Amino acid sequence: HIIDENEGLSTFCFHKIGWLTFVQDVWYNYAMLTTSNRISPLKRFWRSVKKTNTCWLWTASKDTNGYGQFSVKGRDVTVHRFSYELHKGKIPKGSWYGTTCVLHKCDNTLCVNPKHLFLGSQQENIKDRDNKIKVGIIVLFFLIILKSIM
């Protein structure tokens, strides 16, 4: 579950011992002092969303696949999954590496509009992608024919 009730970072156990743990504790405390960790994930989320007539676009960091992301409780989270949990509730565990996919009806990887998000399996995600590619190819083919006629 990405979002918790207090919207802050989870508590950290300081009762560990050892040099590596000390380094981890120092790094964690440093991270707690940065601006992004003093502001709740919810506020950081909304300040990076630009609502349009259709999609709500993420305007901050992206991962290598073009999906919006930001850090929550010290781990990177894709923002469409964060938005889904924020608006529709917890994402159930799935059969694909314990994950259920959050798919986009709009096919815009930066969209966080909950009306555009739905759950599916990895297999459904691949089928959805392939169907959109087929439709795109058909539309492109149609436009090429139309242009050659005119």
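Model, not experiment: these values are computed from the prediction.

Caption draft 1: Here's a closer look at the pairing of strand 3 (residues 69-72). Judged from the 4 bridges that link them, strand 3 and strand 4 (residues 75-78) form a sheet pairing that is antiparallel. Bridging from a neighbouring strand, Phe70 pairs with Val77 of strand 4.

Caption draft 2: Structural context of unusual backbone geometry. Located in the positive-phi region is Lys73, a residue other than glycine, with phi close to 55 degrees. With respect to the helices and strands, the residue Lys73 is situated in the loop between strand 3 and strand 4. Phi at Asp107 is positive, roughly 60 degrees, even though this residue is not glycine. Inspection of the secondary structure puts Asp107 in the loop between strand 5 (101-104) and strand 6 (117-120).

Caption draft 3: Layout of the pairing of strand 5. Side chains of strand 5 alternate between two faces, with Cys101 and Leu103 and Val102 and His104 buried alike. Relative to strand 6, strand 5 is paired through 4 bridges, and the arrangement is antiparallel. Following the sheet pairing, His104 is matched in strand 6 by Leu117.

Caption draft 4: Representation of the pattern of salt bridges in the model. Taken as a whole, this structure holds 1 salt bridge when the rule is applied. The partner of Asp130 in a salt bridge is Arg129, and the shortest N-O contact between them spans 2.9 Å. Judged by its relative accessible area of 29%, Asp130 is partly exposed.

Caption draft 5: Highlighting the packing of aromatic side chains. Enumeration according to the criterion identifies 7 aromatic pairs in this entry. Their ring planes at 40 degrees and their centres at 5.1 Å tell us that Phe45 and Phe82 sit as a pair that is tilted. You can see Phe45 sitting in helix 3 (residues 41-46) and its partner Phe82 sitting in helix 4 (residues 79-88), a full 37 residues away along the chain. For Phe82, a relative accessible area of 2% puts it in the buried group. One aromatic cluster in this structure is built from Phe45, Trp46, Trp56, Trp58, Phe70 and Phe82. Above the face of the Trp56 ring, Lys51 is positioned so that its terminal group lies 4.1 Å from the ring centre.

Caption draft 6: Layout of the nonpolar core. Membership of the largest hydrophobic core is limited to 10 residues, which are Phe45, Val49, Trp56, Trp58, Phe70, Val72, Val77, Val79, Phe82 and Val112. Mapped by element, the contributors of at least two residues to this core are strand 2 (56-58), strand 3 and helix 4. In this structure, Trp56 is in contact with Trp46, Val49, Lys50, Lys51, His87, Leu110, Cys111, Val112, Asn113 and Pro114, ignoring residues within four places of it in sequence.

Caption draft 7: Structural view of the layout of surface pockets. Of the voids in this model, the largest pocket is the one considered here, and its volume is about 500 Å³. If you trace the largest pocket, you find 21 residues lining it, with Tyr67, His80, Cys101, Val102 and Asn125 closest to the centre. Elements represented by at least two residues in the lining of the largest pocket include exactly helix 4, strand 5 and helix 5 (122-149). Looking at side-chain class alone, the lining of the largest pocket contains 6 nonpolar, 10 polar and 5 charged residues.

Quick notes on the rules
- Residues numbered from 1 in each chain as written.
- Predicted model: local features only at pLDDT ≥ 70, side-chain atom pairs only at ≥ 80, totals over all residues.
- Heavy atoms only, no water.
- Pairing = 2+ DSSP bridges.
- Helix = DSSP H or I, 4+ residues; strand = E, 2+ residues; numbered from the N terminus.
- Buried < 20%, exposed > 50% of the residue type's maximum accessible area, 1.4 Å probe, protein only.
- Salt bridge = Lys/Arg side-chain N within 4 Å of Asp/Glu carboxyl O.
- Phe/Tyr/Trp six-rings, centres within 6.5 Å; stacked < 30°, edge-to-face > 60°.
- Lys NZ or Arg CZ within 6 Å of the ring centre and 35° of its normal.
- Core = buried A, V, L, I, M, F, W, Y, C linked by side-chain atoms within 4.5 Å.
- Contact = heavy atoms within 4.5 Å.
- 1 Å grid on protein atoms, 1.4 Å probe; cavity = no way out; pocket = protein on both sides within 12 Å on 5 of 7 lines; lining within 4 Å.
- Points joined across faces, edges and corners; volume = space filled by probe spheres on them.
- Nonpolar A, V, L, I, M, F, W, Y, C, P; charged D, E, K, R; others polar.

All we've got here are geometric facts, nothing functional implied.
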